[in-house]
Amino acid sequence: MSINKVILLGNIGREPEVRYFDGGRAVANVTLATSERGYKLPNGTEVPEHTEWHNLVFRGRLAEIVEKYVHKGDKLYVEGYIRSRSYEDKSGIKRYVTEIFVDNMEMLTPKSQDNSTATAAPAQGSAPAGEGLPF
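Residues numbered from 1 in each chain as written. Predicted model: local features only at pLDDT ≥ 70, side-chain atom pairs only at ≥ 80, totals over all residues. Heavy atoms only, no water.

1. Re the packing of aromatic side chains
In this description, an aromatic ring pair is defined by two values, namely the gap between the centres and the angle between the planes.
Link 1 in the chain: All told, the structure shown has 1 aromatic pair when counted by the stated rule.
Link 2 in the chain: Directly above the ring of Phe101 sits Arg83, whose terminal nitrogen or CZ lies 4.9 Å from the centroid. (Phe/Tyr/Trp six-rings, centres within 6.5 Å; stacked < 30°, edge-to-face > 60°. Lys NZ or Arg CZ within 6 Å of the ring centre and 35° of its normal.)

2. Section: the pairing of strand 8 (residues 94-107)
Link 1 in the chain: Relative to strand 8, strand 6 (residues 50-59) runs parallel, the two being bridged by 3 bridges. For Leu56, the partnering residue across the bridge sits in strand 8 and is Ile100.
Link 2 in the chain: Counting the residues between successive antiparallel strands, the hairpin from strand 7 (residues 75-88) to strand 8 contains 5 residues, one of them, Gly92, with a positive phi of roughly 85 degrees. (Pairing = 2+ DSSP bridges. Helix = DSSP H or I, 4+ residues; strand = E, 2+ residues; numbered from the N terminus.)

3. What about the pairing of strand 3 (residues 26-36)?
Link 1 in the chain: By the criterion of burial, strand 3 is predominantly enclosed, with 9 of the 11 residues buried.
Link 2 in the chain: Here strand 1 (residues 6-12) pairs with strand 3 via 2 bridges, running antiparallel. The partner of Ile12 across the bridge, within strand 3, is Leu32.
Link 3 in the chain: The sheet contact formed by strand 2 (residues 17-20) and strand 3 spans 4 bridges and is antiparallel. Counted as the bridge partner of Glu17 is Asn29 from strand 3.
Link 4 in the chain: Counted between consecutive antiparallel strands, the loop separating strand 2 from strand 3 contains 5 residues, among which Gly23 sits at a positive phi close to 85 degrees.
Link 5 in the chain: Where strand 3 meets strand 6, 10 bridges bridge the pair, whose relative direction is antiparallel. From the neighbouring strand, Leu32 faces strand 6, where its bridge partner is His54. (Buried < 20%, exposed > 50% of the residue type's maximum accessible area, 1.4 Å probe, protein only.)

In structure tokens:
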């Protein structure tokens, strides 16, 4: 038995990049920052804040929701699984990428802080609240 499960809570680092493929299937790519607070050790040593950047991949209806409602700086909770891949760049150098494929998300930025009409409703492959959803 094995488990590949990722849970992240952080802030969106840039506007989503959304692409549509044949058949209208959408894929959205977003960066998410998670940070650990800095602290002081008992001996006086300062440990600085550390920020980790995550590459998120949304597919299908979640990608469409991200395109419409998620913006740089928004707080987002996501659940998914991790996947690594490699490719050759234009210079022929082998590059490695680790991505989180998102299965579930919840938008946490309050509507009053967001410039769009997003709500703080959970999204599990469906549209945000207010668009005829059962939740």
